[in-house]
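# Examination of the molecular architecture
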Amino acid sequence: MSGNTAHVLRGASNATWLVSKAINEVFPEGNLRSPSWAPGRLLKRRERAPMPTGIPRSTLSLCPDCNREAVEAVLKGEIDIANFRENPGVVEAEIVEEAGRILMRKSCKKHGPFEDALSNHPDFFRRMERLAFGRDFECVDDCNVHVHGPNSISSGRGTFLIVDLTNRCNMMCSPCFMDANASSYVHELSIEDIKTIFNNALSFKPQREINILFSGGEPTVSPIFLDAVRHAKGMGFHRLHVATNGVHFAENRDFALQAKEAGLHAVYLQLDGVSEEKNKHRGLGNYMAVKQQALENIAAAGMRTTLQVTVTNSVNNDGLGDIVGFAIQNIHKIHGVVFQPIMFAGRDERVSPGERYARRYPLTQLAFDLHEQTSIGWQPMRDWFPLSDFGIFAHLCDVLNPEAKVGSLFQETHPNRGIFSPLLVDTQQKAATPIPTFFDLEQFMRDTVEITDSGRGPTATRILVSLSIVRNFNQQKAPSGFGLGELRPLLEDCFYRLAGSSKHWSQKAYSYGGRWRVMIVNGMWFQDAFNYDFSGICNSTTPVATTQGEISFCAYYGGGWRKVVEHQSRTATLAEWHRTYGRHEIYANGKNVDLGQPAQGAGTQLVQIEPEPPAVPTAVVGHCD
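Residues numbered from 1 in each chain as written. Predicted model: local features only at pLDDT ≥ 70, side-chain atom pairs only at ≥ 80, totals over all residues. Heavy atoms only, no water.

### Some points on the packing of aromatic side chains
- The full count for this structure, using the stated rule, is 28 aromatic pairs.
- A ring pair is formed by F385 and F420, whose centres lie 5.8 Å apart and whose planes are at 35°; its orientation type is tilted. Taken together, the residues F385 in strand β12 (residues 385–386) and F420 in strand β13 (residues 418–426) connect sequence positions 35 residues apart.
- You can call F385 buried: its relative accessible area is 0%.
- Each member of the aromatic cluster is reached from another via a ring pair, and the members are F198, F214, F225, F237, F249 and F255.
- The positively charged end of R417 is found above the aromatic ring belonging to W525, 5.0 Å away from the centroid.
- Across the ring face of Y587, the terminal group of K591 is positioned such that the distance to the ring centre comes to 5.6 Å. (Phe/Tyr/Trp six-rings, centres within 6.5 Å; stacked < 30°, edge-to-face > 60°. Helix = DSSP H or I, 4+ residues; strand = E, 2+ residues; numbered from the N terminus. Buried < 20%, exposed > 50% of the residue type's maximum accessible area, 1.4 Å probe, protein only. Lys NZ or Arg CZ within 6 Å of the ring centre and 35° of its normal.)

Next up, the structure:
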């Protein structure tokens, strides 16, 4: 098909869309179904509770000092957990714009004023708020899971369920939001704890197809790591991941194979840069060799890796583009990148105001730094979206599959805390381009909401979505060789990852082997006590699973709950643990990991899309389920 034909096809799809829209307006909206996994019928956009947004606005936050004092009072036995639950140090706060920044200001009668920067790009900040999708269902039958006072989760399915297996670690990093290896006690989950956690996860509605993320400390030092993975798999959880520093994966080739056999799907690998210099704060002598070997071993076991990057101003913020370039060059091993601006918790909770100002990295800066540090044509005001917009596609999958036993992965992160940008990667050329360059993703999402709200049933919904795909795809701006025929299998792969469910989910999710892949670059900013906003807590999409229920990640680490939970259910004192089990290896102060043999290197050059003639589409995209 020539470029002119593609242009005619796009024009015809636009005309057909307008006709179908006019017809839709004549007939009343249909009702959406009530799936078995949901507490009621599927919600239309106007029925969803909106996320609190707007500048200026008032909210509730924490006084960092009151919160820390309350935690310490629990640990000393001066107050009980019930008191901390209801009184974690709440204060009123204002979110305002001033001198080109979005600020949070709050004042405590006892400890005085606090200020923190939420953004240095107000227009981008407002764009994310404007595009945010509404909240998911309110939770029901969750009285034994979400009981944490003002920090209680009240809505949503969650996207990642964090399972902290241990507070022990084989490194001694800074920053570390857990402050691993610095406690006087060991907190380590048992298999009985694991059973309780996953029983809780299945006990309430909306029931969900959630990602499990085993974490720590360093989860691979837990003696029950593989057993925990097997148990989760046996209970019907298929999206099983581990967040790791990669040391154990690098030093033991068989470990990745054992983890894959146990049911592990993928790995989140900590990486703060693509050089030793950018990672020297981690304390590992041969840092990049360890990461390269871990990537090789994970890939050899049939799994892919997502890079997990802690961004600290003046430490590694100038090397973020290199990380994306590294991921693109290693596209067969790397699935995506998650950038996480530093949260001042754990090892950094007592940071001085001056140091906090110097090291703080506002989330919105990510889009502009990647624009400047790469050559793929990233446009901050076109190519980035709030994470909650994934909920639009999850809802579409729910509408198309009303008989599904569990709900799709529904993102509900507040737009101030989570953003993403999708890249199309050519695995042959190792080149990438932002998808909104050639596909109007913002309009497609508006179309999708309009389609699902019309309640026309799965068949009509598929037809309308296909029509929207064609009208929003610009063949002339797409990379050479990429047309509508290539778009269809790519979308099918993305939607299966979002909503597929079977005991063979992991194998099928890895089965797509096309030339083109979607790589999602995420920015996820977890709150600490200095920038804490309760309006983003009640709908947490990353709860931490404990035997005391599921607690928002931000409340657990930034709001003091971790110390309270660990103190209450600590396994042993550190001295007792060492007497019984001995000391595990800790790689710090420049110590090297013995890898046996050097890892193969991988290039880190940035990529650039060169203008080429448009491709010839071979087919019109059909249904996406």
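Don't stop here, the text continues.
### As for the pattern of salt bridges
- Evaluation of the coordinates by the stated rule reveals 39 salt bridges.
- With its nearest N and O atoms 2.9 Å apart, the salt bridge here joins K44 to E29. Taken as a pair, K44 in the loop between α1 (3–26) and β1 (57–62) and E29 in the loop between α1 and β1 lie far apart in primary sequence, 15 residues in all.
- Owing to a relative accessible area of 3%, K44 belongs among the buried residues under this scheme. (Salt bridge = Lys/Arg side-chain N within 4 Å of Asp/Glu carboxyl O.)

### Thoughts on the nonpolar core
- With 160 residues, the main nonpolar core has V163, F214, F249, F339 and W384 as its most contacted residues.
- Once residues lying within four places of it in the same chain are set aside, the contact partners of V163 are L189, I194, I197, F198, I212, L213, F214, S215 and A545.
- If you look at the next biggest cluster of nonpolar residues, it comprises seven residues, including L32, W37, L43 and V399. (Core = buried A, V, L, I, M, F, W, Y, C linked by side-chain atoms within 4.5 Å. Contact = heavy atoms within 4.5 Å.)

### Focus: the pairing of strand β9 (residues 266–270)
- Where burial is concerned, most of β9 is hidden: five out of the five residues are buried.
- On β9, burial covers both faces: A266, Y268 and Q270 on one face and V267 and L269 on the other are all buried.
- With four bridges connecting them, strand β8 (residues 240–244) and β9 associate as parallel partners. Each bridged residue has a counterpart across the sheet, and for T244 the counterpart in β9 is L269.
- In this structure, β9 lies alongside strand β10 (residues 304–311), joined through five bridges in parallel fashion. Residue Y268 lies in a different strand from β10, and its bridge partner there is T306. (Pairing = 2+ DSSP bridges.)

### Quick look at the environment of D383
- Structurally, D383 can be placed in helix α13 (residues 380–383).
- Classification of D383 as buried rests on a relative accessible area of 0%.
- Residues D383 and C554, 171 residues apart in the sequence, show an inter-C-alpha distance of 27 Å.
- The residues touching D383, leaving out its near neighbours within four places in the chain, are G377, W378, F420, S421, P422, P434, P436 and T437.
- Within the structure, D383 has its side chain in polar contact with the side chain of R382 (distance 2.5 Å). (Polar contact = N/O pair within 3.5 Å; in protein donor to acceptor, adjacent residues only side chain to side chain.)

### Things to note about unusual backbone geometry
- Going from I55 to P56, the amide bond is cis rather than trans, its omega being -5°.
- The residue P56 is located in the loop between α1 and β1 in this model.
- Residue P175 is reached from S174 by a cis peptide bond, and omega for that bond is 10°.
- In this structure, P175 sits in the loop between β5 (160–164) and β6 (185–186).
- We note that N181 has phi near 70°; this positive angle belongs to a residue other than glycine.
- Its identity is not glycine, yet K430 carries a phi of approximately 55°, on the positive side.
- With respect to the helices and strands, K430 occurs in the loop between β13 and β14 (431–434).

### Comments concerning the side chain of R168
- With respect to the element layout, R168 can be found in the loop between β5 and β6.
- Of the polar contacts made by the side chain of R168, one reaches the side chain of H584; its length is 3.3 Å.
- Among residues more than four places away in sequence, those in contact with R168 are N181, V186, E188, G217, E218, V221, S222, P223, W577 and H584.

### Observations concerning the packing of helix α6 (residues 225–234) against helix α8 (residues 253–262)
- Interaxial distance between α6 and α8 falls to 8 Å at its minimum, and their mutual angle equals 25°. Compared by their axis directions, α6 and α8 come out roughly parallel. Contact residues: α6 offers F225, L226, V229, R230 and K233, while α8 offers F255, Q258, A259 and A262.
- For the contact of α6 with α8, the per-class residue count stands at six nonpolar, one polar and two charged. (Axes fitted to C-alpha atoms, helices over the stretch in contact; angles between N-to-C directions. Parallel < 35°, antiparallel > 145°, perpendicular 65-115°, else oblique. Nonpolar A, V, L, I, M, F, W, Y, C, P; charged D, E, K, R; others polar.)

### A word on the sheet that holds strand β3 (residues 101–108)
- The strand order across the open sheet built from four strands is β1-β2-β3-β4, with neighbouring strands paired in antiparallel fashion. Either end of the sheet is taken by a strand with one partner, and the two such strands are β1 and β4 (112–119). Direction aside, the axes of adjacent strands within the sheet are offset by 30° on average.

### Side note on the state of the cysteines
- If you walk through the whole model with that rule in mind, you get zero disulfides.
- The closest cysteine sulfur to the non-disulfide-bonded C66 is located on C108, 3.6 Å from its own sulfur.
- We classify C66 as partly exposed; its relative accessible area is 21%.
- Between C169, a cysteine without a disulfide, and C173, which holds the nearest cysteine sulfur, the sulfur-to-sulfur distance is 6.0 Å. (Disulfide = S-S within 2.5 Å.)

### Observations regarding the side chain of S421
- Along the polypeptide, S421 turns up in strand β13.
- Among the polar contacts made by the side chain of S421, one reaches the main-chain carbonyl oxygen of D383 at a distance of 2.7 Å.
- Contact partners of S421, with chain neighbours within four places excluded, come to W378, D383, W384, M519, I520 and V521.

### Examining α8
- For α8, the full list of buried residues reads F255, A256, A259 and A262. On an axial view of α8, the arc spanned by its buried residues comes to 125°, and they lie on one face.
- Close packing links the buried residues of α8 with α6, α7 (247–251) and α9 (287–300).
- With its phi angle positive at about 125°, G263 sits one or two positions after the end of α8. (Arc of directions from axis to C-beta.)

### Quick word on the environment of A12
- Mapped onto the elements, A12 comes out in helix α1.
- Its relative accessible area of 38% is what places A12 among the partly exposed residues.
- For A12 and L467, which are 455 residues apart along the polypeptide, the C-alpha to C-alpha distance reads 9.7 Å.

### Some words on the pairing of strand β15 (residues 516–524)
- Of all nine residues making up β15, eight are buried, and the element is well covered by its neighbours.
- Here four bridges tie strand β11 (residues 334–341) to β15, and the two strands are oriented parallel to one another. Of the residues in β15, the one forming a bridge with G336 is I520.
- In the sheet, β13 pairs with β15 via nine bridges, with the strands oriented antiparallel. Across the sheet, D426 pairs through a bridge with W516, a residue of β15.

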